[in-house]
Amino acid sequence: MNKSNHRSPFAIVGRLIVLVKPMLPIMLAAIVMGVAGHFCATFITIFGGFGILRALGLASPVGTVDTAFACILVFALLRGVLRYAEQACNHFIAFKLLALIRDKVFGALRRLCPAKLEGKDKGDLISVITSDIELLEVFYAHTISPICIAFLFTVVMVCFIGSYHPALGLLALAAYGTVGILIPLLTAKLSGDSAMRFRTKSGKLSAYVLDSLRGLPETIQYGQGQERMDAMNAQTDAIAKEGEQMKRTEGRNTAVTGTVILMFDLAMLFASAALLDFEGCLITTLAMMSSFGPVTALAALGATLQSTLAAGNRVLDIL
């Protein structure tokens, strides 16, 4: 039995994260800028609420409406700069690590070849070289820092909303936990082993193509070209069907996430209206509605989590 069958998702993630250690300062910079950028995006809406309160002559932390909108302008400009800087750091890390992983994989293949390419899993090797390593870009650029950003952002926003009323803080915590943790886990579980089946079929197709190219003279000699082509098309259709199933799971994930966010927004509106005055109700509701960015990014990872882990597992098998 292949040792990958015994490797848990946590073991895969742990092995992949270790490679980030040499670029830890850049990762920390990406996290700091990501947190700051999301706060800028969220407080654009919140300061708009402060400006509305001041325009209505109600209590507001900002002195004037002009001050509120000046802050909004600053936040909007900073949001763009911080977002660009965060993504630049994340992708710098990702591309550096992909180059390192490729170097390690080709080093391992040089030790294994040519005997390894004669085995039945030679198609898997082609898939690892071509697609699996590229898929790890999602892990390094869009998984590690977004998880840290979402955690830090959630702590601060729960405290901010909870400062108006503890029950509202707990409601916000439940909302962020549902969108950022529960939905990705459920999505990954419901998708089952579709990602692994997709990868396995891709490897078989690669092996079949290599065998067909190697035996091309015999195929022509015995007139088996159409049969080989039909078999290749059948495998391609099977892969497309698995990909379609994965896309359907991703679509359901997006729909469920949007519905859950809307439900929690309405719950915050009604709860804050019952517990607070108009000022508190407006600000807490705006804070909830505008603060799902980091956890929504985590929810989107649920549909690709299995694919990423499957790719990482296969790369680790080679290494």
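Residues numbered from 1 in each chain as written. Predicted model: local features only at pLDDT ≥ 70, side-chain atom pairs only at ≥ 80, totals over all residues. Heavy atoms only, no water.

When you look at the overall build of the protein chain in this model, what are you seeing that I'm missing?
Across its full length, the protein chain holds 11 helices and zero strands. Secondary structure of the protein chain in N-to-C order comes out as α-α-α-α-α-α-α-α-α-α-α. Taking the contacts inside the protein chain whose residues are at least 6 apart along the sequence as the reference set, 83% of them involve residues at least 24 apart. Summed over all atoms, the accessible surface of the protein chain reaches about 16400 Å², with 70% contributed by carbon and sulfur. (Helix = DSSP H or I, 4+ residues; strand = E, 2+ residues; numbered from the N terminus. Contact = heavy atoms within 4.5 Å. Areas by Shrake-Rupley, 256 points an atom, 1.4 Å probe, with all protein chains shown as cover.)

Would you mind going over the packing of helix α2 (residues 24-55) against helix α10 (residues 278-289) with me for this structure?
The relative placement of two packed helices comes down to the angle between their axes together with the axis-to-axis distance. With their axes 9 Å apart at the nearest point, α2 and α10 run at an angle of 160 degrees to one another. As far as their axial angle goes, α10 and α2 are roughly antiparallel. Remark: the crossing between α2 and α10 carries right-handed chirality. Counting all contacts with α2, which are made through T42, T45, I46, G49, F50, I52 and L53, the residues of α10 involved are F278, E279, L282, I283, L286 and A287. (Axes fitted to C-alpha atoms, helices over the stretch in contact; angles between N-to-C directions. Parallel < 35°, antiparallel > 145°, perpendicular 65-115°, else oblique. Left-handed = near helix turned anticlockwise from the far one by under 90°.)

Would you explain the packing of helix α5 (residues 144-162) against α10 in this entry?
Direction vectors running N to C along α5 and α10 enclose 165 degrees, while the axes themselves pass 10 Å from each other. In terms of their interaxial angle, α5 and α10 are classed as roughly antiparallel. Considering only the axes of α5 and α10, their crossing is left-handed. Where α5 abuts α10, its residues M157, F160 and I161 lie against I283, T284, A287 and M288. Of the residues in the contact of α5 with α10, the class split is six nonpolar, one polar and no charged. (Nonpolar A, V, L, I, M, F, W, Y, C, P; charged D, E, K, R; others polar.)

Is there a simple way to think about helix α6 (residues 166-190) in this case?
Every α-helix carries 3.6 residues per turn, so stepping three or four residues along brings you back to the same face. Between the first and last C-alpha of α6 there are 34 Å, a value that for 25 residues agrees with the 36 Å anticipated at 1.5 Å per step. Maximal helix bending in α6 amounts to about 40 degrees, located at T178. (Expected span 1.5 Å × (residues − 1). Bend = angle between axes of the 7 residues up to and from the residue.)

Sorry if this is basic, but what is going on with the packing of aromatic side chains here?
For any pair of aromatic rings, the description rests on two quantities: the centre-to-centre distance and the angle between the ring planes. Counted according to the given criterion, the structure contains nine aromatic pairs. Note on F39 and F43: the rings are 6.4 Å apart at their centroids and 55 degrees apart in plane angle, and the pair reads as tilted. Of the two residues, F39 and F43 both sit in helix α2, four residues apart, roughly one turn of that helix. By the burial criterion, F39 is buried, and F43 matches it. Members of the aromatic cluster, each reached through a chain of ring pairs, are F39, F43, F47, F50, F75, F153, F160 and Y164. (Phe/Tyr/Trp six-rings, centres within 6.5 Å; stacked < 30°, edge-to-face > 60°. Buried < 20%, exposed > 50% of the residue type's maximum accessible area, 1.4 Å probe, protein only.)

Looking at this model, I keep getting lost on the environment of K204. Mind explaining?
Tracing the backbone shows K204 in helix α7 (residues 194-214). You can call K204 exposed: its relative accessible area is 56%. Measuring from C-alpha to C-alpha, the distance between K204 and Q235 comes to 8.3 Å, with 31 residues separating the pair along the chain.

Can you help me understand the side chain of T42 in this one?
Along the chain, T42 turns up in helix α2. With a relative accessible area of 1%, T42 lands in the buried category. Here the side chain of T42 touches S290 through a polar contact of 3.1 Å, landing on its backbone oxygen. In this structure, T42 is in contact with F153, M157, A287, S290 and S291, ignoring residues within four places of it in sequence. (Polar contact = N/O pair within 3.5 Å; in protein donor to acceptor, adjacent residues only side chain to side chain.)

Help me out: how do you make sense of the side chain of S60 in this one?
Structurally, S60 can be placed in the loop between α2 and α3 (65-112). Given a relative accessible area of 14%, S60 falls into the buried group.

Whenever I open this one, the nonpolar core confuses me. Can you help?
As a rule of thumb, nonpolar side chains are buried together in soluble globular proteins. Residues I46, Y140, M157, F160, I161, Y176 and F292 are the most contacted members of the largest nonpolar core, which totals 70 residues. With 14 residues, the top contributor of residues to this core is α3. Look past the residues within four positions of Y140 in its chain and what remains in contact with it is L16, L19, V20, M27, N90, A94, L97 and I101. (Core = buried A, V, L, I, M, F, W, Y, C linked by side-chain atoms within 4.5 Å.)

Please clarify how a nonpolar patch on the surface should be interpreted in this entry.
Taken together, the side chains of F151, L152, V155 and V156 define a hydrophobic patch exposed on the protein surface, amounting to about 360 Å² of accessible area. You can see V155 is positioned in helix α5. For V155, a relative accessible area of 40% puts it in the partly exposed group. (Patch = residues over 30% accessible without salt bridge, like charges linked within 9 Å, V, L, I, M, F, W, Y side chains within 5 Å. Salt bridge = Lys/Arg side-chain N within 4 Å of Asp/Glu carboxyl O.)

Would you take a moment to explain the pattern of salt bridges for this structure?
Side chains that differ in sign of charge can pair as their charged atoms come close. Within the structure shown, the criterion is met by one salt bridge. Of the charged contacts in the structure, one is a salt bridge between R83 and E86, with a shortest N-O distance of 3.4 Å. With a gap of three residues between them, R83 and E86 both fall in helix α3, about one helical turn apart. Here R83 falls in the partly exposed class, since its relative accessible area comes to 35%. Look at E86 and you get buried, because its relative accessible area is 3%.

Structural measurements only, silent on function.
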